[in-house]
Amino acid sequence: MAIRSARPKPRRQRTAGRGVCLAITIIMVLSLTMLAGCPGKKESDVMTIRFVTWKPNQPEAWEEILRIFHEENPGIRIEREIGPHSSTAFHDLLTQKLKNRSRDVDVFFMDVIWPAEFAAAGWAMPLDDFIAAQEREKFLEGAILANTFENRLYGIPLFVDSGMLYYRKDLLKQYGFKPPVTWQEMADISGKIVIKESKKGRYIYGFSGQFKQYEGLVCGMMEYILSNNGMLVDREKGVSAVTGKPAIEAVRFVRDRIIGGAAPVGVLAYQEPESLDLFIQGKAVFHRNWPYAWQIANDPQRSTIAGNVGIAKLPHFPAGKSYAALGGWQLGISSYSEHKEAAWKFVQFLASDRIQKLLAVRSGKAPTRKALYDDPEVLKANPHFRDMKDVFLSAYPRPVTPLYPALSNILQRYFSTVISDRQSDIAGEAENASREMNKLLSMTQ
Ligand code: GLC
């Protein structure tokens, strides 16, 4: 990986007189260079590409990426607009701009659930003319599929996410437990460890995950439901499946055994960062998160449990099998961009082998380029990529529809209502949500 060091700064001149002389010389040289049409760029020659993204977990890695791009592309300047980290809030910011055909956005981050919506609305430009078939084949098939709408490609996948179970290796070993296979086991084991630890004056929780009303709640709840043989939407019939017995049972388990049980009630306000904080402060035995959490949890500067973290597939219910939600972020180009070629140059650079590798090594992002799963440096930084590769490959997508955000909104409200109230009528609320979902789903049949 070519990571170049910053150029040394020029030494300060010792006397004012020499400073003035030097400044005059520099101005003369610069003017001559410009007149001669040499590499020095005039301000007006530099094209600005506006990149709408969210605040990264490892900001230094992104600083480095932009530094490399600027160094190699002196004619393009990337101006970043950093939006909120939550997928739901970021969606609102970005779609507002795109609805207004804003010139403030050329390249943007796109959650894996948005390509259909952005394509149908005409916001994301099709990229088929930019990317050759052989190049496309180097990416994970599912990731390309997630960016394809009516046979055209609307985004280039930058990294994939899939849900996984993190656990405290040291605590499980100390008390003689293996990583849990079922959700019930997870709740039982964590309950026992919490009691044993409290007898030693250490007060911890069993589990930490994301249960706030936002997109992450749909990912998590879908994992529970799928792992009990249920579904959110029946793919064949195209109708809601949240009233099905397996789905109701899974939701009831979360309400009765996870919230205020294995996990503190506070998780009802947690997105990824808050839930990870609890885990890395050593206050939870188990944790559900995406692959990036591995490096943070093992970073002694940020985590009190570095070196004591294990990873396993998410548990399932006795009748089902383990499922991970498919997540991940894509790069899209606005249909309204006036600099599409330059925007593509930037997208191509970000999704390249070299930059995906940097993101994998430095910030634990799971690559979308297949070859990187055999790369020794990537595997050294992320040993779990070897064992979890099939989890990435088989991660389950959320329903694919241009109306996904509206569908998700119904699901978020439903899940949040029932899991935050032990007296809630789960079946009744599921009926209401189902009716709303079916109305929406029938619009796209
Ligand atoms: C991660 C996933 C994304 C998902 C989000 C939910 O960022 O990559 O697909 O929607 O989490 O919080």
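Residues numbered from 1 in each chain as written. Predicted model: local features only at pLDDT ≥ 70, side-chain atom pairs only at ≥ 80, totals over all residues. Heavy atoms only, no water.

Could you clarify how one ought to interpret the site of the ligand in this entry?
Asp-111, Asp-161, Glu-272, Gly-328 and Arg-398 are the nearest of the 13 residues found near the ligand. Contact between the ligand and Asp-161: an oxygen atom at 2.5 Å from a side-chain N or O atom of the residue. Trp-290 places a polar side-chain atom, nitrogen or oxygen, 3.1 Å from an oxygen atom of the ligand. Broken down by secondary-structure element, the contributors of at least two residues to the shell around the ligand are helix H9 (215–226) and strand E13 (326–333). The leading source of residues in the shell around the ligand is E13, at three residues. Within the shell around the ligand, the residues separate by chemical class into four nonpolar, four polar and five charged. Counting only domains with at least three residues in the shell around the ligand, you end up with domain 1 (44–162 + 327–394) and domain 2 (164–325 + 400–444). (Near = heavy atom within 4 Å. Polar contact = N/O pair within 3.5 Å; in protein donor to acceptor, adjacent residues only side chain to side chain. Helix = DSSP H or I, 4+ residues; strand = E, 2+ residues; numbered from the N terminus. Nonpolar A, V, L, I, M, F, W, Y, C, P; charged D, E, K, R; others polar. Domains from an automatic or database assignment.)

Help me understand the sheet that holds strand E8 (residues 205–208) in this model?
Pairing in this open sheet of four strands is mixed, and the strands run E8-E11-E7-E12 from one edge to the other. Edge strands, defined here as strands with exactly one partner in the open sheet, are E8 and strand E12 (309–312). Strand-to-strand twist of the sheet, defined as the mean angle between neighbouring strand axes without regard to direction, takes the value 20 degrees. Bridge count between E8 and strand E11 (residues 284–289): three bridges; the pairing is parallel. Bridging from a neighbouring strand, Ser-208 pairs with His-287 of E11. (Pairing = 2+ DSSP bridges. Axes fitted to C-alpha atoms, helices over the stretch in contact; angles between N-to-C directions.)

I keep staring at the sheet that holds strand E3 (residues 107–111) and nothing clicks. Help me out?
Within a sheet, adjacent strands bond to each other through the backbone by hydrogen bonds, running parallel or antiparallel. A sheet is described by the order of its strands in space; here six strands give the open sequence E2-E1-E3-E13-E6-E14, paired in mixed fashion. Two strands lie at the open edges of the sheet, namely strand E2 (76–83) and strand E14 (366–367), each paired on one side alone. Where E3 lies against E13, five bridges are found, and the strand directions are antiparallel. The residue of E13 that forms the bridge with Asp-111 is Trp-329. In this fold helix H3 (residues 87–99) packs onto strand E1 (47–54), E2, E3 and E13, with an angle of close to 150 degrees to the strand it touches most, E1. (Contact = heavy atoms within 4.5 Å.)

Looking at this model, I keep getting lost on the side chain of Ser-334. Mind explaining?
By secondary structure assignment, the location of Ser-334 is in the loop between E13 and helix H13 (340–350). By relative accessible area, Ser-334 is classed as buried at 0%. Separated by 2.9 Å, the side chain of Ser-334 and the backbone nitrogen of Tyr-336 make a polar contact. Among all residues touching Ser-334, those that are not within four sequence positions of it are Leu-98, Val-105, Asp-106, Phe-108, Trp-123 and Lys-340. (Buried < 20%, exposed > 50% of the residue type's maximum accessible area, 1.4 Å probe, protein only.)

Teacher, can you tell me more about the packing of aromatic side chains here?
The relative placement of two aromatic rings is captured by the distance of their centres and the angle of their planes. Per the stated rule, a full pass over the model turns up 25 aromatic pairs. Measuring from centroid to centroid gives 6.0 Å for Phe-51 and Trp-62, while their planes differ by 40 degrees, and the two rings are tilted. With a gap of 11 residues between them, Phe-51 in strand E1 and Trp-62 in helix H2 (residues 59–72) connect regions that are remote in the sequence. Cation over ring: Arg-288 sits above Trp-290, and NZ or CZ is 4.2 Å from the ring centre. (Phe/Tyr/Trp six-rings, centres within 6.5 Å; stacked < 30°, edge-to-face > 60°. Lys NZ or Arg CZ within 6 Å of the ring centre and 35° of its normal.)

I keep staring at the pattern of salt bridges and nothing clicks. Help me out?
Oppositely charged side chains can form a pair if their charged atoms are brought close together. If you walk through the whole model with that rule in mind, you get 24 salt bridges. Lys-237 is the salt-bridge partner of Asp-234, the closest N and O atoms lying 3.8 Å from each other. With relative accessibility at 60%, the residue Lys-237 sits in the exposed group. Among the salt bridges present, the one from Glu-436 reaches Arg-413, with a minimum N-O distance of 3.1 Å. Here Glu-436, found in helix H18 (residues 426–442), pairs with Arg-413, found in helix H17 (residues 404–419); they are 23 residues apart in sequence, far enough to count as distant. Under the relative-accessibility criterion, Glu-436 is labelled partly exposed at 33%. (Salt bridge = Lys/Arg side-chain N within 4 Å of Asp/Glu carboxyl O.)

Explain the nonpolar core to me, please; I cannot follow it from the model alone.
Note on soluble globular proteins: their nonpolar side chains tend to be buried together. Counting residues in each nonpolar core, the largest one holds 143 residues, and the members touching the most others are Phe-207, Phe-211, Tyr-224, Ile-258, Phe-346, Leu-350 and Tyr-414. Looking at this core, you find at least three residues from each of domain 1 (44–162 + 327–394) and domain 2 (164–325 + 400–444). Once you skip the residues sitting within four places of it in the chain, Tyr-224 turns out to touch Trp-183, Phe-207, Phe-211, Ala-250, Val-254, Ile-258 and Phe-317. (Core = buried A, V, L, I, M, F, W, Y, C linked by side-chain atoms within 4.5 Å.)

Please explain the pairing of E3 as it appears in this structure.
Every regular strand shows the same layout, with side chains that alternate between the two sheet faces. Counting buried positions along E3 gives five out of five residues, so the element sits mostly inside the fold. Side chains Val-107, Phe-109 and Asp-111 of E3 all project onto a buried face; the interleaved residues Phe-108 and Met-110 project onto the opposite face, where all are buried too. The pairing of E1 with E3 spans two bridges and is parallel. Bridge assignment links Phe-51 to a residue of E3, and that residue is Val-107.

Please explain unusual backbone geometry as it appears in this structure.
Peptide bonds are mostly trans, and most non-glycine residues show a negative phi. The phi torsion at Arg-101 lies on the positive side, around 50 degrees, for a residue other than glycine. Tracing the backbone through its elements, the reader meets Arg-101 in the loop between H3 and E3. Not every positive phi belongs to a glycine, and Asn-151 is a case in point at roughly 65 degrees. Following the sequence through the fold, Asn-151 ends up in the loop between strand E4 (148–149) and strand E5 (152–153). Assessed through its relative accessible area of 72%, Asn-151 is described here as exposed.

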